[in-house]
Amino acid sequence: MAEELSATAAGRRRRRRRGQRRPPTWEISDSDTERAPAGETCPVVGAAGGAGKAEARALRPKEAWPRLTVHVDPAILEDAGADILMEALSALGCEYRIEPQHPARSLQWSGPKPDPCAPNMSVGVEAGVRQELLLLLEPGEFLQGVAQLTQTAGPACSVPWMASESPTCPHLAVIGLDTYLGYHSPLPSADLAGGMQQPQSSEETQAPLSIGWPEVEEALVLLQLLADLDVLLVASWQELSQHVCAFTKALAQRPTKQHRDPRAFSFCTGGRWATGPRVAKDGSGLRRAWWRQIRQFNRVSSAVADAVVTAFPSPRLLQQALTACSTEQERLGLLADLPVKSQEGQQPRRVGPDLSRRICLFLTTTNPDLLLDLGS
């Protein structure tokens, strides 16, 4: 009984001690003398933090989306299918304006004007969309430019539809080119000999009938290489409207992505393990890079790679040795008898004919579809 009473009293004392508040303690540190008095704030830091948050908020797609403006040239509305494009822009929710553009029959995108009171606000949205332009071309007009490109291709060749000093980043769109080429293709010689004639209108007589898909594909490559200009080929106004809406959404997301990851290639990871050994101008690092390349072949150990690199310290030396071989048999077996360093107590080894053949074909073949490893 006495033990139970003592245990109860001890529990009460512990609960009373737990309920008591510990008196505050004060510690003196070097930062106490630098601390601002109570009630004072740092307006500079607060203002900078608020401006940064407001700028980041303005770069969000939901905030930048309603402030995008699509400028539509009135000449586009003359086409019967332009109503589909205007309905798509209305359903998209962004603002669009019908006003003359240069060049004609083009669409341009613009962002909000920067606030003079907050110069950092929305600058990313404005800079991300100001230079974009989509030029709509008729199939006949596009084919005339294709003929000019394919006939006078070269470094000095200019884009037929765009001014060379244009500061914008243009894109081209052609509606119904496939149907146009199928309708205006020349008749076979047998049909012409049989008296069949294709009705021609004034527009058809001006169309370049000698232009086909091979010339169009050649022109697309030239436009991409010489002018960094991409061409959108769509079959209907419906497809064009879907592309314009998707492009507008991408422009709204571009400032956010650039602000979040300013690196040009965010998927590239830095580090020696990702980039591999570097080869300097004086040749240092070449042996290590050549050794790692040999190790990429299947069933190649470090000792085998050491044997190949020791005999031929660079790929060029091995290529020269392969070129000096007089027969194909000698070339394929050039590395077969190279000794491989083995541990004590093990039988001496050599590179072998299989790896010798694979390395030889890797350095000499001109067939990109050749299977090097027959055992894979």
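Above this text sits the structure in question.
Remember, it's a predicted structure, so these values are computed and weren't measured experimentally. (Residues numbered from 1 in each chain as written. Predicted model: local features only at pLDDT ≥ 70, side-chain atom pairs only at ≥ 80, totals over all residues. Heavy atoms only, no water.)

Asker: What should I look at first to understand the sheet that holds strand 3 (residues 106–110) in this one?
Answerer: Backbone-to-backbone hydrogen bonds pair the strands of a sheet. The strands run either parallel or antiparallel. Taken in spatial order, the six strands make up an open sheet running 2-1-3-4-5-6, and their pairing is mixed. For this open sheet the edge positions go to strand 2 (95–98) and strand 6 (231–234), each flanked by a neighbour on one side alone. The mean inter-strand angle of the sheet, taken between neighbouring strand axes irrespective of direction, is 20°. Across three bridges, the pairing between strand 3 and strand 4 (residues 132–137) is antiparallel. Note that in strand 4 the partner of S106 across the bridge is L135. Against the sheet, helix 4 (residues 82–92) makes contact with strand 1 (69–72), strand 2 and strand 3, and its axis sits at roughly 145° relative to strand 2, the strand it touches most. (Pairing = 2+ DSSP bridges. Helix = DSSP H or I, 4+ residues; strand = E, 2+ residues; numbered from the N terminus. Axes fitted to C-alpha atoms, helices over the stretch in contact; angles between N-to-C directions. Contact = heavy atoms within 4.5 Å.)

Asker: How should I be thinking about the packing of helix 15 (residues 315–324) against helix 17 (residues 353–364) in this particular structure?
Answerer: Helix packing geometry: the angle between the two helix axes and the distance between the axes. Where helix 15 contacts helix 17, the two axes come as close as 10 Å, and the packing angle between them is 95°. What the angle tells us is that helix 15 and helix 17 run roughly perpendicular. On helix 17, the residues touching L318, Q319 and L322 of helix 15 are I359, C360, L363 and T364. Of the residues assigned to the contact of helix 15 with helix 17, the class counts are five nonpolar, two polar and no charged. (Parallel < 35°, antiparallel > 145°, perpendicular 65-115°, else oblique. Nonpolar A, V, L, I, M, F, W, Y, C, P; charged D, E, K, R; others polar.)

Asker: I keep staring at the packing of aromatic side chains and nothing clicks. Help me out?
Answerer: Geometrically, a pair of aromatic rings is defined through the distance of the ring centres and the angle of the planes. A full pass over the atoms with the stated rule returns three aromatic pairs. Judged by centre distance (4.9 Å) and plane angle (65°), the rings of W109 and F247 are edge-to-face. Of the two residues, W109 sits in strand 3 while F247 sits in helix 11 (residues 237–260), which places them 138 residues apart along the sequence. The residues W109 and F247 share a single accessibility class, namely buried. Seen from their ring centres, F142 and W161 are 5.5 Å apart, and the 15° between their planes marks the pair as stacked. Placement of F142 in helix 6 (residues 139–151) and of W161 in the loop between helix 6 and strand 5 (169–175) is noted, with a sequence separation of 19 residues between them. W161 shares its class with F142; the two are buried. (Phe/Tyr/Trp six-rings, centres within 6.5 Å; stacked < 30°, edge-to-face > 60°. Buried < 20%, exposed > 50% of the residue type's maximum accessible area, 1.4 Å probe, protein only.)

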